[in-house]
Number of protein chains: 2
Amino acid sequence: MIANDPYAELERRFARLSAVNRASSILNWDRSAMMPSGASEDRADQLATLGVIAHGMIAAPDMPELLSRAEEGATGLDQWRAANLREMRRLWVHESALPSDLVEARTRATSACEMVWREAKKNADFKSLLPMLGEVLAVMRRVGEAKAAALGTSLYDALLDEFEPGGRSARIDELFGELRTFLPDLLGRVMERQAKAGKPLALDGPFPVEQQRKLGEEMCRRLGFDFTHGRLDVSAHPFTGGTADDVRITTRYDEADFARALMGVLHETGHGLYELGLPRDWRRQPVGNARGMALHESQSLLMEMQACRSDAFLAFAAPRMRAAFGKDGPAWTADNIHRIYTRVAPGYIRVDADEVTYPLHIMLRYRLERAMLSGDLELADLPGAWNEGMRDLLGIEPPDDALGCLQDIHWPDGGWGYFPTYTLGAMAAAQLFAAARRAEPGLMEAIGKGDFAPLLAWLRANVHGKGSLESTDQVLVEATGDRLGTAAFKAHLETRYLSA
Amino acid sequence: MIANDPYAELERRFARLSAVNRASSILNWDRSAMMPSGASEDRADQLATLGVIAHGMIAAPDMPELLSRAEEGATGLDQWRAANLREMRRLWVHESALPSDLVEARTRATSACEMVWREAKKNADFKSLLPMLGEVLAVMRRVGEAKAAALGTSLYDALLDEFEPGGRSARIDELFGELRTFLPDLLGRVMERQAKAGKPLALDGPFPVEQQRKLGEEMCRRLGFDFTHGRLDVSAHPFTGGTADDVRITTRYDEADFARALMGVLHETGHGLYELGLPRDWRRQPVGNARGMALHESQSLLMEMQACRSDAFLAFAAPRMRAAFGKDGPAWTADNIHRIYTRVAPGYIRVDADEVTYPLHIMLRYRLERAMLSGDLELADLPGAWNEGMRDLLGIEPPDDALGCLQDIHWPDGGWGYFPTYTLGAMAAAQLFAAARRAEPGLMEAIGKGDFAPLLAWLRANVHGKGSLESTDQVLVEATGDRLGTAAFKAHLETRYLSA
């Protein structure tokens, strides 16, 4: 079989790999949403074992020969199979670049560091994190070097490439540079304008969890989420997991503030709809995976920021919010709720940031993680550099490191190279949504009636259904006429926050 | 490493196998308790792949040599390691006996048959099940033949051995023979006595699910279930799954009848406590597994039937039931509740049967599955043979096959040889509970205060903590002074149902 049809043999192997990875994904969801606390070591052992098995499948000794022989015969493959083979090669390059002792060292260092980080954050004690974070940085440098050699890129780009295939920092520098000259000025003007208009009225709680859950589920359904292929549950840190046929989204509820949890659900629903819309025939092959984190984040932000914080949608949602909690009065008008959902203010915490200041948080992290990886910034100097960056970019300085450089899990857990994809996603979201509105003139009117079918159909055809068939830029060019840029994002912010 | 220490290499491999099996166990639980309906094919693919991986680990080409070489050096092993090696051999014999095409044929036939069975049961249409059940029977005969050759037993005993290691039908015939001469007469006397006393008063519902859940969880905790290592959820068919560090028990609630769901929870809690009590140092090795289904069922029935349907426990539980549902009056006395929980009557459905008639249901299935496997009973004649057996054993005849030979999933899903372990478990439960009471004179008094600590400590020392170190009979001899017998079970039934 290997001799006769190497491509078919590869499909067989990658389908098996996919099954193992999908199993791990459900177990990961369970760990965050269901697992009792005492089972964490048991679960870590299961996941580590499945990880070793998956690694062994990709890094099998005969894989290079199989890939090469399939590539020699690739002219006979249709576009999906050709792209699938390209994705197989990509996965193989990333996986085989790392010797197994380095894979193990990374797992060990990041697991240990994550534990220390939880305590360090609680106590706002950066010094206690320093030794373990140093180990993670050292191991991530080794990972980056190994992948850089295999990919022929810089160390940072090699790390970035895992999250955003084909992503390069030269391009990010350019895009972020454009935002850097634009955002601070915009922020000042928005703040001034909102100060003049006065604070929105506060929504009076409490908001019982069960009503929040029902409202969230109703809205989730409206957006097109299919509960025969997914669930909505609770976890400490909201995320989207599971598989394309079994999407698990999570949120957390605060009885004092339903508005955040609700937008959180709509954000994760955007991620979930991407997964549910992946090409049905290719779900168990590499080409059937989501393209990368920039497009993934674009789908969550398109739903949350572009569609669901719009006047049109909030006019539809406001009476449903009033009904859900039995409320009324001036705080509960669509206009006031829209003002709450578009309030802008610099803050310390990234995950609480509005869409105007969020990119500034990202630029800070992008700048700092590159400096740490290159050795330009000593780890011990991180808190100072963080605070200086916050003053520079946002004009505020956190009172302690818990509200500063200890706030995110990404560095302790090895997610170096991940941060920029948040803002690439925000830009792509604006660009895609603008294109969808051009293509479907009735789109906003439908959203104003709670009907997301036209939007979802456009996204399925132009993004979701493509899986990893094309590069992020190809997807954007075909869907919007342009590769990723800042224009649509800037226009969106100016329209929403400075006009009307 | 293989060359130097074959036993250590085996431990390493079986730990990895355990991790894969534990992962499958959580995914199985999720399938019944959490998974959205549309994901069943996706999940089946994950579980089949993990099954193939696990099979490949045990049936690895060098495994026979590794096992033989470890056995040659076994004199140097302590008792746990020696027993572990014996269990490894046992698993290998069972797994390697089946060629992989037979494993696949079994999976395919049982999956397909289970689907057909659900419809056939709904429509009480045995004929529609006949072709698929015939395929399952054929494949199970092949499985039995292959295992019989490997184990040197009869076909039936080879199937039984998978569920009850060392279990043999000659022994079961003997034990069931003793019950066969005892139970019908006892049943007559109990029925007469209960008829004279009149029906217990009905408990007046409805009983909201949330209160049922809380009461169940409270009682589960009382029995000693540790919720930092387990969960209680809902599924269509209650079961205990997960791992020894992460036990997942399920129940189902009926708002018209809390009493059944509650006993169901206590039953599964008994299974769960066994898992939670398995030897801590050996949980990821074969010797750390539960001994077999007879002892497993003994632990659920010991809790449900022996401890929790006792006067002592129900006197403790009755006021808590009243408080849980805000009830009072003559139906809610401990005495009336005890009468409800010890009501005896022949019925059609095994899972609804009381502890007096339950063994008669089992004897029928044991008799019929042996006859079908040997060819003495044609599948097409099953409904007639079933109804005749019901008249013979229980004096009643089901009006249709849904209440007759279609009621259980075990034959469609390939669980041939499983049924007798239910009654072996009931006998072992009585024998162990009597021994525990002798060993701990204050046991019933403690249970009367809702304190299960003395009972649990005795079970941990005498059953749970032994894992698979000894055979079922060895465990019973050491704990009770005797191998498995009918005396304690008979005495228990006579005491509970004919005296006092």
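Residues numbered from 1 in each chain as written. Chains lettered and ligands numbered in written order. Predicted model: local features only at pLDDT ≥ 70, side-chain atom pairs only at ≥ 80, totals over all residues. Heavy atoms only, no water.

Draft legend 1. Structural detail: the domain arrangement of chain A. All names here are of chain A. When the domains of chain A are assigned, the result is domain 1 (1–96) and domain 2 (166–500). Inter-centroid distance (C-alpha atoms) of domain 1 to domain 2 is 30 Å. Contact between domain 1 and domain 2 buries roughly 1900 Å² in total, counting both sides, with carbon and sulfur atoms accounting for 62%. Applying the counting rule to domain 1 against domain 2 returns one salt bridge. With a shortest N-O distance of 2.9 Å, E87 and R291 are connected by a salt bridge. The tally of links from domain 1 across to domain 2 stands at seven residue pairs in polar contact (both at pLDDT 80 or more). Sorting the residues of the side of domain 1 that touches domain 2 by element identifies α1 (6–33) and α4 (79–96) as the ones contributing at least two each. Here the side of domain 1 that touches domain 2 takes eleven residues from α1, the largest share from any one element. Per-class residue counts for the side of domain 1 that touches domain 2 are eleven nonpolar, five polar and six charged. (Domains from an automatic or database assignment. Buried area = accessible area lost by both parts, 1.4 Å probe. Salt bridge = Lys/Arg side-chain N within 4 Å of Asp/Glu carboxyl O. Polar contact = N/O pair within 3.5 Å; in protein donor to acceptor, adjacent residues only side chain to side chain. Helix = DSSP H or I, 4+ residues; strand = E, 2+ residues; numbered from the N terminus. Nonpolar A, V, L, I, M, F, W, Y, C, P; charged D, E, K, R; others polar.)

Draft legend 2. A look at unusual backbone geometry. Residue and element names in this part refer to chain A. Cis geometry marks the peptide bond from G205 to P206, where omega comes out at -5°. Locating P206 in the fold gives a position in the loop between α8 (169–197) and α9 (209–223). A positive phi is found at A124, a non-glycine position, where the angle reads about 50°. Turning to its location among the elements, A124 is positioned in the loop between α5 (100–122) and α6 (126–151).

Draft legend 3. Representation of the UniProt feature "binding site: Zn(2+)" (unreviewed entry) in chain A. Residue and element names in this part refer to chain A. Within this structure's numbering, the places UniProt gives as "binding site: Zn(2+)" (unreviewed entry) are H267, H271 and E297. In summary, the annotated positions, though distributed over 31 residues, converge in three dimensions, the widest C-alpha pair being only 8.9 Å. By the secondary structure assignment, H271 is in helix α10 (residues 258–276). Apart from the residues within four sequence positions on either side, H271 is in contact with T240, H296, E297, Q299 and S300. Here E297 lies in helix α11 (residues 293–307). Residue E297 is classed as buried on the basis of its relative accessible area of 6%. Not counting chain neighbours up to four residues away, the residues in contact with E297 comprise H267, H271, T421, Y422 and G425. (UniProt positions renumbered as here; feature names shortened; annotations may be inferred. Contact = heavy atoms within 4.5 Å. Buried < 20%, exposed > 50% of the residue type's maximum accessible area, 1.4 Å probe, protein only.)

Draft legend 4. The packing of aromatic side chains, seen in detail. Residue and element names in this part refer to chain B. Overall, the coordinates contain 38 aromatic pairs over all chains when judged by the stated rule. Between F313 and F452, the aromatic rings sit 5.6 Å apart at their centres with planes inclined by 75°, giving edge-to-face as the arrangement. Here F452 lies in the loop between α17 (443–447) and α18 (453–462) and F313 lies in helix α12 (residues 311–325), a separation of 139 residues in the sequence. Considered together, F313 and F452 belong to a single accessibility category, that of buried residues. (Phe/Tyr/Trp six-rings, centres within 6.5 Å; stacked < 30°, edge-to-face > 60°.)

Draft legend 5. Expanded view of the UniProt feature "active site" (unreviewed entry) in chain A. Mapped onto the present numbering, the UniProt feature "active site" (unreviewed entry) falls at E268 of chain A. Exposure remark for E268 of chain A: the relative accessible area of 8% places this residue in the buried category.

Draft legend 6. Quick look at the pattern of salt bridges. Summed over the entire model, instances satisfying the criterion amount to 92 salt bridges over all chains. The residue R283 of chain A makes a salt bridge to D245 of chain A at a minimum N-O spacing of 2.6 Å. Here R283 of chain A, found in the loop between α10 and α11, pairs with D245 of chain A, found in the loop between β2 (240–243) and β3 (246–251); they are 38 residues apart in sequence, far enough to count as distant. The buried category is assigned to R283 of chain A, whose relative accessible area is 10%. The partner of R248 of chain B in a salt bridge is D246 of chain B, with the nearest N and O atoms 2.8 Å apart. With respect to burial, R248 of chain B and D246 of chain B carry one shared label: buried. Taken together, the shared-partner salt bridges in this structure form one network comprising R86, E87, R90, D161, R168 and R291 of chain A.

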